[in-house]
Amino acid sequence: MNNIKFIVLNKFRANQSETGFTLIELLMVVILVGILSAISLPQFLAQTSRARQTEAEITLGAINRAQQVYRLENSQFGTLNQLATTGNISVTATGDFYQFSATPDTSSPANIATAIATSNLGFTDEILDYETAIFMDGNGALYSVTCRADNPSVTPLADANPSVTNACVNGAEVR
């Protein structure tokens, strides 16, 4: 009886010592995790920057729409404060990642208004700035263009022309 107990215990201990990972298996897992993180981390950081830039694109689009409404109601474009106080837009000068400003053209006839999104301190190296302009042509049609770059600028067109292919002096046009 003791002999059977000894054989069963030896088999049980032999099975226990064979469980677990070898050093080579652990090393392979660490290498694979390192390779996966080296590939995915830059992609994740790029997505974070794009998400931050979406704030500027959405807000500038809202400013452009508010400018259109303000122009129809007041026969001129408005400043950011005027747009915010009329209830046409709910944006402050400072967002999470950007500072916003809107400036109407004061020349006669005032047919251009620009808005700028400048990255807040702490994000200047990670995200690009934006500038948008809304134009009214001689027929009363409104057109807008938005540019994205380190220092964007929109071509100041006297009359808006939707056929202009590159209205951005610096940067790329956002569609």
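The rules behind each value
- Residues numbered from 1 in each chain as written.
- Predicted model: local features only at pLDDT ≥ 70, side-chain atom pairs only at ≥ 80, totals over all residues.
- Heavy atoms only, no water.
- pLDDT = per-residue confidence, 0-100.
- Helix = DSSP H or I, 4+ residues; strand = E, 2+ residues; numbered from the N terminus.
- Patch = residues over 30% accessible without salt bridge, like charges linked within 9 Å, V, L, I, M, F, W, Y side chains within 5 Å.
- Areas by Shrake-Rupley, 256 points an atom, 1.4 Å probe, with all protein chains shown as cover.
- Salt bridge = Lys/Arg side-chain N within 4 Å of Asp/Glu carboxyl O.
- Buried < 20%, exposed > 50% of the residue type's maximum accessible area, 1.4 Å probe, protein only.
- Contact = heavy atoms within 4.5 Å.
- Core = buried A, V, L, I, M, F, W, Y, C linked by side-chain atoms within 4.5 Å.

Draft legend 1. Focus on the confidence of the model for the chain. The predicted model of the chain has a mean per-residue pLDDT of 76, with 73% of residues at 70 or higher. In the model of the chain, helix α1 (residues 2-17) stands out as the element of lowest mean pLDDT, 57, in contrast to helix α2 (residues 23-74), which has the highest, 86.

Draft legend 2. Region of the structure containing a nonpolar patch on the surface. Where nonpolar side chains cluster on the molecular surface, the patch consists of I24, L27, M28, I31, L32, I35 and I39 and spans about 710 Å² of accessible area. Residue placement: I35 occurs in helix α2. Since its relative accessible area comes to 45%, I35 is described here as partly exposed.

Draft legend 3. Fine view of the environment of D150. With respect to the helices and strands, D150 occurs in strand β4 (residues 142-154). Here D150 falls in the exposed class, since its relative accessible area comes to 54%. D150 sits 21 residues away from D129 along the chain, and the two C-alpha atoms are 5.6 Å apart. Among all residues touching D150, those that are not within four sequence positions of it are L128 and D129.

Draft legend 4. Molecular detail of the nonpolar core. Grouped together as the largest cluster of nonpolar side chains are 16 residues, with contacts concentrated most on L60, I63, Y98, F100, A117 and Y130. Every element with two or more residues in this core is listed here: α2, α3 (80-85), β1 (98-104) and β2 (112-119). Counting residues per element, this core draws most heavily on α2, at five residues. Aside from chain neighbours lying at most four places away, what touches A117 is A56, L60, Y98, Q99, F100, D129 and Y130.

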